[in-house]
Amino acid sequence: MASFATTTIRRKRFIALLLGVVTFYLLFLRSDWELPEALKDAGVPLSKGNFAHIMKGKLSKVEEIYGLIHLVTNEDDEHQHILNNSPKLDPTKPVDMALYAPGEVDVNWSEEVARIDAQYPVVVFSKSFCPYSKKAKKLLESYNLRPPPKVIEVDLRDDSVQVKAILNRLTDRATFPNVIVKGKSIGGSDDLHDLHGDKELKRILEKAGVQVTAEVNE
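The notes below deal with the structure included here. The structure displayed is predicted, hence computed values, not measured ones.

Definitions and limits used
Residues numbered from 1 in each chain as written. Predicted model: local features only at pLDDT ≥ 70, side-chain atom pairs only at ≥ 80, totals over all residues. Heavy atoms only, no water. Helix = DSSP H or I, 4+ residues; strand = E, 2+ residues; numbered from the N terminus. Buried < 20%, exposed > 50% of the residue type's maximum accessible area, 1.4 Å probe, protein only. Salt bridge = Lys/Arg side-chain N within 4 Å of Asp/Glu carboxyl O. Core = buried A, V, L, I, M, F, W, Y, C linked by side-chain atoms within 4.5 Å. Contact = heavy atoms within 4.5 Å.

### Brief notes about the environment of arginine 169
Thinking step 1. Take arginine 169: it is sitting in helix 6 (residues 160-171).
Thinking step 2. By relative accessible area, which is 16% here, arginine 169 ends up buried.

Below, the structure written as structure tokens:
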């Protein structure tokens, strides 16, 4: 009798576990879902595209900057992808990753981070008229990098105000240029030249997988 009762309990536990797994799959992996309204202010959506990130905790600053890079580099010949002025967008707070991928469904951000790191390991957020930006871009050009730096002229974008605010929040840098190497800011023009003078810039770039093909006079 005791054996029968034990078997019944084990069977119930197994069924409960199985139901839990099925429910988890149906709710979280088979459909898009969001946090309750009270938690949406955090700006963190829960969808198939970023669920893996959520399981690790909140989307970090480094992770969100990949969303921004995705937006500014994912352009075609016809139009520029920009952040709109919808009420959902407050650039001073964490931004819904879906807003960085307008019109795209279920972006796999883990794969996208890997793609960006390979294709655009160095991203320069610049201002076209800024002498410091020009100085930093000239220094990077002298390194003859492969792949070459991806330059984003923020002042020429329709969402320049939002991009600047987001960069300020993510990197604690409000000025331009802002040089990003594999998702992390290494600073502006003066920082770049200091690293160059200390013979650290080449090392940082090569560690990020960027080829320095020129003879650099440090």
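### Notes on the pattern of salt bridges
Thinking step 1. Taken as a whole, this structure holds six salt bridges when the rule is applied.
Thinking step 2. Aspartate 159 serves as the salt-bridge partner of arginine 157, at 2.8 Å between the closest nitrogen and oxygen. One exposure class covers both arginine 157 and aspartate 159, and it is buried.
Thinking step 3. For the salt bridge of glutamate 200 with arginine 203, the shortest nitrogen-to-oxygen distance reads 2.6 Å.

### Some points on the nonpolar core
Thinking step 1. By size, the foremost hydrophobic cluster in this structure holds 26 residues, and its most contacted members are Leu68, Tyr100, Val123, Phe125, Ile166 and Leu167.
Thinking step 2. Within the residue set of this core, elements represented by two or more residues are helix 3 (61-73), helix 4 (109-119), strand 1 (122-126) and helix 6.
Thinking step 3. In terms of residue count, the dominant contributor to this core is helix 3 (six residues).
Thinking step 4. Sequence-distant contacts of phenylalanine 125, that is, excluding residues within four places in its chain, are made with Leu68, Ile69, Val72, Ile152, Val154, Val163, Leu167, Phe176, Pro177, Asn178 and Ile180.
Thinking step 5. Among the nonpolar cores identified, the runner-up in size contains 18 residues, and Ala136, Leu140, Val179 and Ile186 belong to it.

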